[in-house]
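Listed below, chain by chain, are the residues.
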Amino acid sequence: DATNAQSPRPAQPYQGNIVISSNEPDVTNVLRIPFALTLTYARLEVSTSTVALAYYPCNESSTQSKTFADQVKILGTAGVKFNTYLGALSAASVDTPTWLSVLPDSGQVGDSLSFTVDPTKWSKQTVEATVLVKGDSKTGGKLQEVKVSLICATSQVLMPIIAR
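Please read all numbers here as calculations on a predicted model, not as lab measurements. (Residues numbered from 1 in each chain as written. Predicted model: local features only at pLDDT ≥ 70, side-chain atom pairs only at ≥ 80, totals over all residues. Heavy atoms only, no water.)

(A) Molecular detail of the side chain of Thr 130. With respect to the helices and strands, Thr 130 occurs in strand E12 (residues 126-135). According to the relative accessible area criterion, Thr 130 is buried, its value standing at 7%. In this structure the side chain of Thr 130 is engaged in a polar contact, spanning 3.3 Å, whose partner is the side chain of Lys 147. (Helix = DSSP H or I, 4+ residues; strand = E, 2+ residues; numbered from the N terminus. Buried < 20%, exposed > 50% of the residue type's maximum accessible area, 1.4 Å probe, protein only. Polar contact = N/O pair within 3.5 Å; in protein donor to acceptor, adjacent residues only side chain to side chain.)

(B) Focus on the sheet that holds strand E10 (residues 106-108). Ordered by their spatial adjacency, 5 strands build an open sheet running E4-E13-E12-E6-E10, and the pairing between neighbours is mixed. Looking along the sheet, the strands with just one partner apiece sit at the ends: strand E4 (50-55) and E10. Between one strand axis and the next, the sheet turns through 25° on average, direction left out of account. Bridge count for strand E6 (residues 81-86) against E12 is 5 bridges, and the pairing is antiparallel. (Pairing = 2+ DSSP bridges. Axes fitted to C-alpha atoms, helices over the stretch in contact; angles between N-to-C directions.)

(C) Representation of the pairing of strand E9 (residues 100-103) in the model. In E9, alternate side chains face the same way, and those of Leu 100 and Val 102 are buried while those of Ser 101 and Leu 103 on the opposite face are not. Pairing analysis gives 4 bridges linking E9 to strand E11 (residues 112-117), with the strands arranged antiparallel. Looking across to E11, one finds that Ser 101 is bridged to Thr 116.

(D) Just unusual backbone geometry, in detail. Here Tyr 56 and Pro 57 are connected by a cis peptide whose omega angle stands at -10°. By the element assignment, Pro 57 lies in the loop between E4 and strand E5 (66-76). Unlike most non-glycine residues, Asp 70 shows phi in positive territory, near 50°. Its location among the elements puts Asp 70 in strand E5.

(E) Representation of the packing of aromatic side chains in the model. Tallied over the entire structure, the rule returns 2 aromatic pairs. Measuring from centroid to centroid gives 5.6 Å for Tyr 55 and Trp 122, while their planes differ by 80°, and the two rings are edge-to-face. Remark: Trp 122 occurs in the loop between E11 and E12 and Tyr 55 occurs in strand E4; sequence separation between them is 67 residues. Here the aromatic rings of Trp 99 and Trp 122 are separated by 6.3 Å at their centres, their planes lie at 90°, and the arrangement is edge-to-face. A residue pair is termed long-range when its members are at least 10 positions apart, and Trp 99 in the loop between strand E8 (94-95) and E9 and Trp 122 in the loop between E11 and E12 qualify at 23 residues. Take Trp 99 and Trp 122: they sit in the same class, and that class is buried. Pairwise contacts between aromatic rings join Tyr 55, Trp 99 and Trp 122 into one cluster. (Phe/Tyr/Trp six-rings, centres within 6.5 Å; stacked < 30°, edge-to-face > 60°.)

(F) How the structure looks around the layout of surface pockets. In this structure, the largest pocket occupies an estimated 160 Å³ of space. Lining the largest pocket we find Cys 58, Asn 59, Glu 60, Ser 62, Pro 119, Trp 122, Ser 123, Lys 124, Gln 125, Cys 152 and Thr 154. For the lining of the largest pocket, the per-class residue count stands at 4 nonpolar, 5 polar and 2 charged. (1 Å grid on protein atoms, 1.4 Å probe; cavity = no way out; pocket = protein on both sides within 12 Å on 5 of 7 lines; lining within 4 Å. Points joined across faces, edges and corners; volume = space filled by probe spheres on them. Nonpolar A, V, L, I, M, F, W, Y, C, P; charged D, E, K, R; others polar.)

(G) Looking closely at the pattern of salt bridges. One pass over the structure, following the stated rule, counts 2 salt bridges. The partner of Arg 43 in a salt bridge is Glu 45, and the shortest N-O contact between them spans 3.3 Å. Judged by its relative accessible area of 40%, Arg 43 is partly exposed. Taking the relative accessible area as the measure of exposure, Glu 45 reaches 31% and is therefore partly exposed. The closest approach of N and O atoms between Glu 145 and Lys 147, which form a salt bridge, is 3.7 Å. According to the relative accessible area criterion, Glu 145 is partly exposed, its value standing at 40%. For Lys 147, a relative accessible area of 40% translates into the label partly exposed. (Salt bridge = Lys/Arg side-chain N within 4 Å of Asp/Glu carboxyl O.)

In structure tokens, the structure reads:
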């Protein structure tokens, strides 16, 4: 029974026999059915590894935060849980952006990530950050990265759509 296996080694093969016998004294045959199975970590993926956001209108007086809902879907094995972290991991430290927040900070497969940006926390026209999604022990602690870029748009041009 592997239903409660928390941390199988990846691609670890298991072999054995299913033995079927009878409690009846007259039945002496024993049936052996050989089996082989391979346990792997549960799956955790993100629907996209890059997200491009545009904050408009963007000027010196922009102070209102904006939320971009349901930008990244968390995919994988049902029941897998995850946590989200802001900033890229490096050998020295974690660089955490202040202009970006992500929700939820924890959840399970099937949830979507939403991003909120704060225009008072950036000074350049374009900023970038990394969001890390870390799976639970069933995934072996698998990490998925989502690169988030934000452009501060001061104007927009609307283009007509021509269809036949």
